[in-house]
Amino acid sequence: MLVTNNVVVHVLVLALFGTYTHIPFTIARQNPALTHATSGGEFDSVPSALTFDNPRLKRAYVALQAWKQAVISDPFKFTSNWVGSNVCNYTGVFCSPSLDDPTIKTVAGIDLNHGDIAGNLPEELGLLDDIALFHVNSNRFCGKLPRSLEKMKHLYELDVSNNRFAGKFPHVVLRMPSLKYLDLRFNDFEGKVPEALFEKELDAIFINHNRFGVALPENMGNSPASVIVLANNVFHGCLPTSMGNMSDTLNEIVLSNNGLHSCLPKELGSLKNLQVLDARNNKLMGELPSSIGEMKSLERLDLSHNMFWGAVPGTVCSMPNLKKFNYNHNFFNGEAPMCSELEESDDVKNCLHARPVQRSRLQCQMFLKRARARPQKCKRL
């Protein structure tokens, strides 16, 4: 994740088991949506023998005890010391003084990464409304993300990757006003990705290795993110031409292993800050637009295992920062001499004359005959 302001610096410090002091915390107020967490439920009566420094830590105790109760397997015993009122000493729980009152200590982050913990996330977690970081990657949490997470008004980083969450896209993340880093990778989410995802002020979007499908939203180019990874889903249809609108912010986009079926829009040439473009293993087709060569910051370009044809423009291989260019397993029948002079390139299984390990002449002729009979205009198919 790129550091965009001082808040990120403090979040990263927290992630390294330190504390941060510049995220403004406000005094949390009891929310009607969470009354079941403190009244009428299993954890509504905190043992009278326990004392807490402030009400925020007491609410954190309620949330964490509910979470511990929802755990069905904890092989590394991350939650074994979640006992008593000193929640700041719980494994994976980090506290910090609050800026609105430096005398008040509050739970500011959760980090249970690589715990192999099985269970679910209870609604009571919404009581942790001061936290800025919530990391639970590489566990076995399942079910859905609770709606109460929207009460985490200061949450900056949400990482629930490599778990067993399922269902439709978790819209609760769109209602987190401070969220900048979203990581839903390696789960079983499915269905349509909402347009609102690309209107949200996120710096990083990782939703790869799920089952998201349908076409990419037309407003994808409205996202201010610097990194977007959509690989290994079941997206199909066309690449939105609006992608060219991300020229000021986008550094990396990964679209590999989907079912995208269109030409590369010429608008991609506007992405002057893009360093990585990975669109391998799709059904992209047509000739490469010469505008691709205008991406002066591009270092890695992977278009392998698609259905491109024609000649690889010299403007592409002569981009000043390009180091790696994979265009193997396509139907290109020409390439500029400088393409083979790149630091790393792969052109096998094309239709290139006098180059090794190419497709058969018959296979190339049959493909190009069909392609020319149905020329694409790089519009929606």
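First, a word on what this report is: a plain description of the structure on this page. Along each chain, numbering runs from 1 in the same order as the chain's sequence is written. Two thresholds apply to this predicted model, a pLDDT of at least 70 for residue-level local features and 80 or more for giving and counting side-chain atom pairs, whereas whole-chain, interface and lining totals are computed over all residues. Excluding hydrogens and water, the side-chain figures rest on all heavy atoms present in the structure.

1. Here's the deal with the state of the cysteines
Thought 1: The disulfide criterion used throughout: a pair of cysteine sulfur atoms within 2.5 Å. On inspection of all chains with the given rule, the structure shows 3 disulfides.
Thought 2: One disulfide in the model links Cys317 with Cys339; its S-S distance is 1.9 Å. Between Cys317 and Cys339, the S-S torsion sits near 90°, and that sign places the bridge as right-handed. One end of the pair, Cys317, is in helix 4 (residues 314-317); the other, Cys339, is in the loop between strand 22 (331-335) and strand 23 (344-346), and 22 residues separate them in sequence. With respect to class, Cys317 is no different from Cys339; both count as buried.
Thought 3: Sulfur-sulfur distance for the disulfide between Cys351 and Cys364 comes to 2.0 Å. The disulfide joining Cys351 to Cys364 has a torsion of about -95° about its S-S bond and is therefore left-handed. Here the residue Cys351 occupies a position in the loop between strand 23 and helix 5 (361-373), and Cys364 occupies one in helix 5, the gap between them amounting to 13 residues.
Thought 4: Each bonded cysteine in the protein gets a number by its place in the sequence, and the pairs come out as 1-2, 3-4, 5-6. Where helices and strands are cited, they refer to DSSP runs of H or I of at least four residues and of E of at least two residues respectively, numbered from the N terminus. Type-normalised accessible area, obtained with a 1.4 Å probe on protein chains alone, sets the label of each residue: buried when under 20%, exposed when over 50%, and partly exposed for intermediate values.

2. Quick look at the nonpolar core
Thought 1: Residues enter a nonpolar core if they are buried and are Ala, Val, Leu, Ile, Met, Phe, Trp, Tyr or Cys, with the set joined through side-chain atoms within 4.5 Å. Of all hydrophobic cores here, the largest spans 90 residues; its most connected members are Trp67, Val107, Ile110, Leu128, Phe134, Leu158 and Phe325.
Thought 2: Contributions of two or more residues to this core are made by helix 3 (55-69), strand 2 (93-98), strand 3 (101-111), strand 20 (307-312) and helix 4.
Thought 3: If you tally residues by element for this core, the top one is helix 3, at 7 residues.
Thought 4: Any two residues whose heavy atoms approach within 4.5 Å are treated as being in contact. Setting aside chain neighbours within four positions, we find Val107 in contact with Leu57, Ala60, Val87, Val93, Phe94, Cys95, Leu128, Asp130 and Ile131.

3. Here we look at helix 5
Thought 1: Helix span, expected: 1.5 Å multiplied by one less than the number of residues in the helix. The terminal C-alpha atoms of helix 5, which comprises 13 residues, lie 18 Å apart, in line with the 18 Å expected from a rise of 1.5 Å per residue.
Thought 2: All buried positions along helix 5 are accounted for by Cys364, Phe367, Leu368 and Ala371. Across the axial projection of helix 5, the buried residues extend over an arc of 95°, all falling on one side. Counted as exposed and oriented over 90 degrees from the buried face of helix 5: Leu362, Lys369 and Ala373. Working definition: the arc comes from the directions between the helix axis and the C-beta atoms, pointing outward to the latter.

4. Looking at the pattern of salt bridges
Side chains bearing opposite charge may pair, as long as their charged atoms lie close to each other.
Thought 1: Put simply, a salt bridge is a Lys or Arg side-chain nitrogen that is within 4 Å of an Asp or Glu carboxyl oxygen. Summed over all chains, the structure comprises 11 salt bridges.
Thought 2: Of the charged contacts, one joins Arg211 and Asp188 as a salt bridge, the two residues approaching to 3.6 Å between their closest N and O atoms. Here Asp188 lies in strand 10 (residues 188-192) and Arg211 lies in strand 12 (residues 211-215), a separation of 23 residues in the sequence.
Thought 3: Classification of Arg211 by relative accessible area gives exposed; the value is 51%.

5. Comments concerning the packing of aromatic side chains
Aromatic rings considered in pairs are described by the distance between their centres and by the relative angle of their planes.
Thought 1: A pair of Phe, Tyr and Trp rings is counted when the ring centres sit within 6.5 Å of each other, with Trp represented by its six-membered ring. The angle between the planes then sorts it: under 30 degrees is stacked, over 60 is edge-to-face, the rest tilted. Across all of its chains, the model carries 14 aromatic pairs by this definition.
Thought 2: Summarising the aromatic geometry, the rings of Trp67 and Phe141 are spaced 5.8 Å apart at their centres and angled 40° between planes, so their arrangement reads as tilted. Highlighted residues: Trp67 in helix 3 and Phe141 in strand 6 (residues 140-143), separated in sequence by 74 residues.
Thought 3: With a relative accessible area of 1%, Trp67 lands in the buried category.
Thought 4: With a relative accessible area of 0%, Phe141 lands in the buried category.
Thought 5: Seen in terms of ring centroids, Phe169 and Phe212 are 5.8 Å apart; in terms of plane orientation they differ by 45°. Their pairing is tilted. With Phe169 in the loop between strand 8 (164-168) and strand 9 (181-183) and Phe212 in strand 12, the pair connects residues that are 43 residues apart, well separated along the chain. Here Phe169 matches Phe212 in class, with each residue buried.
Thought 6: Members of the aromatic cluster, connected to one another through ring pairs, are Trp67, Trp82, Tyr90, Phe134 and Phe141.

6. Re the environment of Ala70
Thought 1: Tracing the backbone shows Ala70 in the loop between helix 3 and strand 1 (71-73).
Thought 2: Assessed through its relative accessible area of 14%, Ala70 is described here as buried.
Thought 3: Residues Ala70 and Phe141, spaced 71 residues apart in sequence, show a C-alpha to C-alpha distance of 9.8 Å.
Thought 4: Not counting residues up to four positions away in its chain, the partners in contact with Ala70 are Ala118, Gly119, Asn120 and Pro122.

7. Quick word on empty space enclosed by the protein
Thought 1: Using a 1 Å grid laid over the protein atoms alone, points where a 1.4 Å probe fits but cannot get out form a cavity; open sets with protein on both sides within 12 Å along at least 5 of 7 lines form a pocket; any residue with an atom within 4 Å of a point counts as lining. Grid points are joined across faces, edges and corners, and a volume is the space filled by probe spheres set on the points. In total, this model carries 1 cavity of 30 Å³ or more according to the counting rule given.
Thought 2: There is about 60 Å³ of room inside the largest cavity.
Thought 3: Ranked by residue count, the leading element in the lining of the largest cavity is helix 3, at 3 residues.

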